[in-house]
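Commentary on secondary and tertiary structure
Take a look at the letters that make up each chain.
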Amino acid sequence: MASVESAVPNAGAPILALEKLDKRFGATHALRTVDLTFDEGEIHAIVGENGAGKSTLIKLLTGVYPRSSGDVFWHGAPVALATPHEAINLGINAVHQEVVLCPHLTVAANIFLGDEEMRGGLLNKKRMVRDAQALLDDLGFSLPAGALLSSLTIGQQQLVATARAERRGAKFLIFDEPTAYLTRQEAAALFKLIRRLKASGVTIVYISHRLEEVFELCDRVSVLRDGALVGTRKVSETNEADLIALMIARKIEQIYHKDAVPIGETIMETHALTGPGFQDVSIRVREGEVVGLYGLIGAGRSEFVQSVFGRRPATSGRIVWRGKDVSIRNERQAMNLGIALSPESRRDQGLCLSLGVGLNINLPIFKLLSIGPLINLTREAECADKQIRDVQIKTSSRMAPVTSLSGGNQQKVVIGKWLNHGAKLFIFDEPTVGVDVGTKAEIYRLLGSLLKQGAGIIMISSYLPEVYELADTLHVFRAGRLVATHGHKDASHEAILTEAIGV
Amino acid sequence: MTDQTISQDHQRGRRLDVLLGLTLLGLLLVMWLALSIETTTFWTANNMANLLRQGAMIAILAIGETFAIITGGIDLSVGAVAGFTSMTVAWLLVHDLGFASTIAGAVAISLAVGIFIGLFHAFGVVQMGLPPFIMTLATMYALRGIGLLITNGSTISITNDAFTGFSRSSFLGFPWTDGTWFQIPMLFWMVIVVAIPAYILLEQSRWGRYLFAIGSNKEAARLSGVNVAAITYLAYVVSSFCAAFCGVLLAMRIGIGNPTQAEGWELQAIASSVIGGTSLFGAVGSVHGPLIGSFILTTINNGANLLNLNPFWQRIITGFLIIIVVYFDTLRTRKR
């Protein structure tokens, strides 16, 4: 790394300095007198729980919100950063977690969006595709510039967004949870790119919930808590436990704490189940057991559980529920048996975002809250309020739309809505994606209480430490097939990863 | 973003919500007040009863339309369905088909025709996967054609006085401000007859919750065990049923059946619904909203007549009103 740094002329000098940066929204103090400097050419991680002020900080740096007070210095000179345009002109760009590009345009058109190459008043499409391709090749992505953006995976779209920022001459690039939806290979490609950008003198701000990425990638890390900066550390001089302690102010001895629950009778088995996206999967879930499904994204895990839940019914094989063969052709049959599914994407599958928290929580159980078609409105309200309390969802009321909640609280709604349903088998597909450490611990506790009530759990996760620590039985998926099965922590991380990748 | 700022935003949003509801009612009352001052003919028992009569049919259409819009769909056929069923009920009444030609039989069959059309719409949307806009645009054209084919382009005159008399009759009343007696028109009671079950269905039944859920996120609703197909059927059946009911009332009121009647009413119904706060993106809507919306439109209509305004102004005013009201709505939903 030393050779890389010496290649950059001003390496180490602050490119951006924040002095007593403050932001209030009405009565809320979102950022409290933050003093922070970013050195040119460094990768600077910012971590903190949901609601710690990370998003607010990004929005101040990119000119989306004006600051309430404090100063910002760019290369030592004070700047206003009052509009996004000003930020972009300085060279400050952000790549967001959920890609904000146009899915119906080509990769090239997206890269050139807002700054198209023209010839005689018309778009010079040919040249844009050529230039975009050159840029992509130069960055080391094997992506076709002429393809529609919507034909790419989310990970590839993220790379396009980065290429777009690169083309706009970014000197200061903010990544907001870039790997939340990426596969391991895609994340690796992105890391490679980030290191290249750093080597060419770009300053990177990297925001992530995944602390292991901070250690893999970053030079320094700053921790925000409740809007205040609680510390900046060199990555080489800190460790995961330190950072977590800074982030949550309380010591989590063991995030993956799990009480021993006796394993009971078999709830469900699948025998050679085959359906769209997976083949020949046989698993068994027992009372009090966590069955982990690990694999890369696209390995067929989500497809498998969606078949068990009746969303895309299996084409062959058997599902045995409490010793009896059953056929699950739709979601309602699965629910009637006692299966609950908390899907992977809370935005696309989990929540009615524009509707109230209460309605979302009660959606699976309105039948239980109704006499005939008519809802018992008192019970509806009580049930929602109870669940909001029990799962500790931070919301102004049960009527507040889900969009008004932070990501972690939204995820609690996705999970909480199944807890009143009386299910015996809970399927959690990536239950902790994009969720902070504190909320993760709460979700694990919730899982634990379900096990104590004698439920069985199928848990999909792409984050190996999570399934590794929690699963009593861990199945590894690769390319639509179940390729290996382990007991609780009876193989190494490396061995499991190797099985998932299949090298 | 912290939770507190969000909840503040949200509270502001709710206040605007209430404000919008009051604004609409306020707008209606202000229009009434202004017209009462400007004209001597507006605030009379007779004219107000007439206004309720005029607004009744669009109100019923708009309530039904709102169900389709809440699911994220649209029903462009409601005017055509009203015209078609006005023809159906008239055709049955002038023929001699036993029970089917009694008032009860003819009305029941006409309403059943409405339900059938709604089922067909839902079939196209659910089973054939057509966009609701296309499906109902197609039947909008086709129904007029089928009606013309059946009647061979001519108008059916209804001679049944008991049938047509219903639209002129009234039920209950109260003393008006000028000492005359205000009689509540039967047609307005029909609005109540539709609105109360519609309100219960939308606001107090689980199917109502499901309608909103589908409009907000179909996949999330499905994965929560909502029978998306069945609820979509419900929405289009309610829409067409209300339209058929409107068609029967139309036949009573004008005493004829003609499939080309109610031309353009679908747009008035959609406008009433939108003025009443329904979001064309789905998942936002009520029963009282389109009700107030339709009477605002009718008041513009009625007032313009009394003021001897060029009737073309009515359309211009309606157009601008939609822009203003929907602008307020976007203010309400816009994030900071």
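Since this is a predicted model, take the numbers as computed values, not measurements. Within each chain, residue numbers correspond to sequence positions counted from 1 in written order. Lettering of chains starts at A and numbering of ligands starts at 1, both following the order in which they are written. With the structure being a predicted model, the display of local features is reserved for residues of pLDDT at least 70 and the display and counting of side-chain atom pairs for 80 or more, all residues being used for whole-chain, interface and lining totals.

On to the overall build of chain A. The number of helices and strands found in chain A is 18 helices and 25 strands. By the compact-globule yardstick of 23 Å for 503 residues, chain A fits well, its C-alpha radius of gyration being 24 Å. C-alpha atoms of chain A, sized along the principal axes, occupy 70 × 50 × 50 Å. Within chain A, buried positions represent 47% of all 503 residues. Across chain A, contacts joining residues at least 24 apart in sequence account for 69% of those joining residues at least 6 apart. Put simply, DSSP marks the helices as runs of H or I at least four residues long and the strands as runs of E at least two long, and each gets a number from the N terminus on. In this setup the radius of gyration rests on C-alpha atoms only. A globule is expected at 2.2 Å times the number of residues raised to 0.38. Once C-beta atoms are placed from the backbone, each residue is buried if 20 or more other C-beta atoms lie within 10 Å of its own, exposed if 12 or fewer, and partly exposed for counts between those two. C-beta atoms are placed from the backbone for every residue, and two residues are taken to be in contact when these atoms lie within 7 Å.

It is worth spelling out the overall build of chain B at this point. Each helix and strand counted, chain B has 13 helices and four strands in total. Relative to the globule expectation of 20 Å for 336 residues, the C-alpha radius of gyration of chain B, 21 Å, shows essentially globular dimensions. Counting every position in chain B, which comprises 336 residues, the buried fraction comes to 47%. Look at the contacts in chain B between residues 6 or more apart in sequence, and 75% of them connect residues 24 or more apart.

The next subject is the environment of Gln411(A). All names here are of chain A. Structurally, Gln411 is set in helix α15 (residues 407–416). Judged by local crowding, Gln411 falls into the buried class, with 28 C-beta atoms found within 10 Å. Sequence separation of Gln411 and Tyr206 is 205 residues, and the distance between their C-alpha atoms is 23 Å. Ignoring anything within four residues of it in the chain, the contact list for Gln411 reads Arg346, Pro431, Val435 and Thr439.

Residues and elements named next belong to chain A. Looking at chain A, the domain boundaries give domain 1 (1–91 + 171–251), domain 2 (101–166) and domain 3 (265–338 + 426–431 + 458–503). Each of domain 1 and domain 2 has a C-alpha centre, and the two are 26 Å apart. Contacts between domain 1 and domain 2 engage ten residues on the former and ten residues on the latter. Under the grouping applied here, Gly and all other residues not named as nonpolar or charged are polar, the nonpolar ones being Ala, Val, Leu, Ile, Met, Phe, Trp, Tyr, Cys and Pro and the charged ones Asp, Glu, Lys and Arg. Classifying every residue of the side of domain 1 that touches domain 2 by side-chain character gives seven nonpolar, one polar and two charged. For each domain, the first and last residues come from an automatic or database assignment.

Looking now at the packing of helix α3 (residues 78–94) of chain B against helix α4 (residues 103–127) of chain B. Residues and elements named next belong to chain B. Whenever a helix is involved, its axis is fitted only over the stretch in contact; in every case the axis is a line through C-alpha atoms, and angles between N-to-C directions fall within 0 to 180 degrees. Packing of α3 against α4 leaves a shortest axis separation of 9 Å and a crossing angle of 150°. Once α3 is placed against α4, the crossing between them reads as right-handed. Two secondary-structure elements touch here, α3 through Val81, Thr85, Thr88, Val89, Leu92 and Leu93 and α4 through Ala106, Val107, Ile109, Ser110, Val113, Gly114 and Ile117. Helix crossings get a hand from a simple test, with the near helix turned counterclockwise from the far one by less than a right angle marking a left-handed crossing and a clockwise turn marking a right-handed one.

On to the pairing of strand β3 (residues 181–185) of chain B, then. Residue and element names in this part refer to chain B. In this scheme, strands are said to pair when DSSP sees at least two bridges between them. Pairing analysis gives four bridges linking strand β2 (residues 170–175) to β3, with the strands arranged antiparallel. Counterpart to Gly173 in the pairing with β3 is Gln183. As consecutive antiparallel partners, β2 and β3 are separated by five residues, and within that stretch Gly179 has a phi angle of approximately 95°, a positive value.

Once that is clear, we can look at α3(B). Over its 17 residues, α3(B) runs 24 Å from end to end, which matches the ideal 24 Å to within 8%, given 1.5 Å per residue. Counting buried positions along α3(B) gives 16 out of 17 residues, so the element sits mostly inside the fold. Expected helix span is taken as 1.5 Å per residue step, with the number of steps being one fewer than the number of residues.

Residues and elements named next belong to chain A. As paired strands, strand β1 (residues 14–25) and strand β4 (residues 69–74) are joined by five bridges and run antiparallel to one another. For Leu18, the partnering residue across the bridge sits in β4 and is Val72. Turn length for the β4-strand β5 (residues 77–79) hairpin, with the two strands adjacent in sequence and antiparallel, is two residues, and the turn residue His75 shows positive phi of about 50°.

A few words now on the sheet that holds strand β6 (residues 92–95) of chain A. Residues and elements named next belong to chain A. As summarised here, the arrangement of the six strands in space is β6-β9-β10-β3-β11-β12, forming an open sheet in which the pairing is mixed. Every interior strand has two partners, whereas the edge strands, β6 and β12 (228–234), have only one. Recorded for the sheet is a direction-independent mean angle of 20° between the axes of neighbouring strands. Against the sheet, helix α6 (residues 154–167) contacts β6 and β9 (172–176), and its axis sits at roughly 175° relative to β6. On the sheet, helix α7 (residues 184–199) packs against β3 (43–47), β9 and β10 (203–207) and is oriented at approximately 150° with respect to β10.

With that settled, consider the sheet that holds strand β16 (residues 290–294) of chain A. Pairing between the strands of a sheet is mediated by backbone hydrogen bonds and can be parallel or antiparallel. Residues and elements named next belong to chain A. Strand order in this open sheet of six strands is β19-β22-β23-β16-β24-β25, and the pairing throughout is mixed. The open sheet has two edge strands with one neighbour each: β19 (339–342) and β25 (481–486). Direction aside, neighbouring strands of the sheet carry axes that sit 20° apart on average. Looking at chain direction, strand β24 (residues 473–478) and β25 are connected through five bridges and run antiparallel. Along β25, the bridge assignment pairs Val476 with Ala484.

Residue and element names in this part refer to chain B. The N-to-C vectors of α3 and helix α11 (residues 265–275) enclose an angle of 130°; their axes lie 6 Å apart at closest approach. Taken together, the axes of α3 and α11 lie oblique to each other. Where α3 abuts α11, its residues Val78, Gly79 and Ala82 lie against Trp265, Glu266 and Ala269. Looking at the contact of α3 with α11 residue by residue, the classes come out as four nonpolar, one polar and one charged. Any angle that falls under 35 degrees is termed roughly parallel, while one over 145 is termed roughly antiparallel, one within 65 to 115 roughly perpendicular, and all others oblique.

What follows concerns the confidence of the model for chain B. Residue and element names in this part refer to chain B. On average, chain B scores 89 in pLDDT, and the residues at 70 or more come to 92%. Note on residues 1–10: pLDDT under 50 across the span, and 24 contacts to partners over four residues away in sequence or across chains. Quick note on the complex model: pTM equals 0.78, ipTM equals 0.85. By definition, pLDDT measures how confident the predictor is in each residue, and it falls between 0 and 100.

Turning our eyes to something else, we now look at the nonpolar core. A set of buried residues qualifies as a nonpolar core if it consists of Ala, Val, Leu, Ile, Met, Phe, Trp, Tyr and Cys joined through C-beta atoms within 7 Å. Ile339(A), Ile427(A), Ile457(A), Ile60(B) and Leu61(B) are the most contacted members of the largest nonpolar core, which has 163 residues in total. Among the elements that make up this core, the one with the highest residue count is helix α10 (residues 228–254) of chain B (17 residues). For Ile427(A), the residues in contact, after removing those within four places along its chain, are Val305(A), Val308(A), Phe309(A), Ile339(A), Ala340(A), Leu341(A), Ser342(A) and Ile458(A). If you look at the next biggest cluster of nonpolar residues, it comprises 68 residues, including Leu18(A), Val47(A), Tyr181(A) and Val437(A).

Here we come to the environment of Val413(A). Mapped onto the fold, Val413(A) is located in helix α15. Expressed as a C-alpha distance, the spacing of Val413(A) and Gln392(A), which sit 21 residues apart in the sequence, is 9.6 Å.

This part takes up unusual backbone geometry. For residues that are not glycine, phi is negative in most cases, and the peptide bond is trans in most cases. Positive phi values are uncommon outside glycine, yet Thr33(A) reaches one of about 30°. Relative to the assigned elements, Thr33(A) resides in strand β2 (residues 28–39).

Moving on to the environment of Thr274(A). Residue and element names in this part refer to chain A. Note on placement: Thr274 falls in strand β13 (residues 266–275). In this structure Thr274 comes out as partly exposed when scored by C-beta crowding, with 18 C-beta atoms within 10 Å. Distance in space between the C-alpha atoms of Thr274 and Arg389 is 40 Å, their sequence separation being 115 residues. Apart from residues lying up to four places away in sequence, Thr274 is in contact with Gln279, Asp280, Ala314, Thr315, Ser316 and Gly317.

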